[in-house]
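# Structural description and commentary
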Amino acid sequence: MNIYQAIAARRTIRDFEDKPVEMDLVEQIINAGLKAPTNNHLRQWEFVIVNDREERGRLLRVRNMTDKDECEAMLDGFGMTDEVQRDMYRAAMPRQFSMLYNAGCLVLPFFRVRGPLMQPSCLSSLNDFASIWCCIENMLLAAAAEGILGVTRIPMTDESEHIRQVVGHPENYVMPCYVALGYPAKDAVIPVQKVIHTRDRIHMNAW
Ligand SMILES: Cc1cc2nc3c(=O)[nH]c(=O)nc-3n(C[C@H](O)[C@H](O)[C@H](O)COP(=O)(O)O)c2cc1C
């Protein structure tokens, strides 16, 4: 698979086959992550893999939003009017717990922060945060090249604190998201991607 094919193959899935991802492959995927560009050249990224189901149960304070009315009310509250976007949330919300719990491999990436992440003084104070997302995208693309898909979820504030207690990571490391990886279930729901015409997004010389 060349890079363009891997980019096309990478889709978010939230329904996994009950099949683990071999550790050699996980290492290869993380190795691809560790090749991503980084603001300060140091790649101060660490990865906790939680594949023990009991441990996952202890770790995950996330719920599937199965009540359709609750979901619609939430989307209305967001002021969301695009039906393609709403359909993605309709697929995603009932799977927020199960996608993490059932994934073949659950990776918790961490990046080192130099100061309080939520009080940036300028764009470059967000460089550590930006760099870890380059790492995560490399991982998702490498995984896709191996037939492994997945999903990222941003932890809510109380989830982050709980994770710190369960995982015991240092205070100066932050988990930007969960990365759930695995083999897609045969009936995995894959929401339609919003169609974007590249030329419509390109502005020559000025906006
Ligand atoms: C920064 C970021 C945050 C995301 N947060 C969540 C999330 O909390 N829960 C979830 O199910 N998917 C999450 N996603 C996955 C997106 O829903 C998904 O990438 C998007 O709908 C586009 O679909 P595609 O990845 O299949 O192209 C997130 C993706 C990104 C890049």
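My aim in this report is to walk through the structure given alongside it, one point at a time.

Criteria and cut-off values
Residues numbered from 1 in each chain as written. Predicted model: local features only at pLDDT ≥ 70, side-chain atom pairs only at ≥ 80, totals over all residues. Axes fitted to C-alpha atoms, helices over the stretch in contact; angles between N-to-C directions. Helix = DSSP H or I, 4+ residues; strand = E, 2+ residues; numbered from the N terminus. Parallel < 35°, antiparallel > 145°, perpendicular 65-115°, else oblique. Left-handed = near helix turned anticlockwise from the far one by under 90°. Contact = placed C-beta atoms within 7 Å. Nonpolar A, V, L, I, M, F, W, Y, C, P; charged D, E, K, R; others polar. Core = buried A, V, L, I, M, F, W, Y, C linked by C-beta atoms within 7 Å. Buried ≥ 20, exposed ≤ 12 C-beta atoms within 10 Å, placed from the backbone. Near = placed C-beta within 6 Å.

### Looking at the packing of helix α2 (residues 23-33) against helix α7 (residues 127-145)
Running from N to C, α2 and α7 point in directions that differ by 140°, and their axes come no closer than 7 Å. Considered as vectors, α2 and α7 are oriented oblique to each other. Considering how the two elements wind past one another, α2 and α7 form a crossing that is right-handed. In this structure, α2 contributes Gln 28, Ile 29, Ile 30, Ala 32 and Gly 33 to the contact, and α7 contributes Cys 135, Ile 136, Asn 138, Met 139, Ala 142 and Ala 143. Tallied by class, the residues present in the contact of α2 with α7 amount to 8 nonpolar, 3 polar and no charged.

### With respect to the nonpolar core
Formed by 37 residues in total, the largest nonpolar core has its most connected members in Ala 103, Leu 106, Met 139, Ala 143, Ala 180 and Leu 181. The set of elements that each furnish at least two residues to this core consists of α2, α6 (98-102), β2 (105-112), α7, β3 (149-153) and β5 (178-182). Take this core: its biggest share by element is 8 residues, from α7. Excluding residues within four positions of it along the chain, Met 139 makes contact with Ile 29, Ile 30, Ala 32, Gly 33 and Val 179.

### Looking at the site of the ligand
Lining the immediate surroundings of the ligand are Arg 11, Thr 12, Arg 14, Met 88, Ala 92, Val 151, Thr 152, Arg 153, Ile 154 and Gln 193. In terms of residue count, the dominant contributor to the shell around the ligand is β3 (3 residues). Its residues assigned to classes, the shell around the ligand shows 4 nonpolar, 3 polar and 3 charged.

### Observations regarding helix α4 (residues 68-77)
When you tally the buried positions in α4, you get 0 out of 10 residues, a small fraction of the element. Positive backbone phi, approximately 70°, marks Gly 79, located one or two places after α4.

### Structural notes on unusual backbone geometry
For residues that are not glycine, phi is negative in most cases, and the peptide bond is trans in most cases. Positive phi values are uncommon outside glycine, yet His 41 reaches one of about 75°. With respect to the helices, strands and loops of the structure, His 41 is situated in the loop between α2 and β1 (45-49). If you check the backbone angles, Arg 43 has positive phi at about 50° while not being a glycine.

### Points about the environment of Pro 191
Examined against the element boundaries, Pro 191 turns out to sit in the segment after β5. It is 21 Å that separates the C-alpha atoms of Pro 191 and Asp 18, two residues lying 173 residues apart in sequence. The residues touching Pro 191, leaving out its near neighbours within four places in the chain, are Asp 87, Met 88 and Ala 91.

Purely geometric numbers; function is a separate question.
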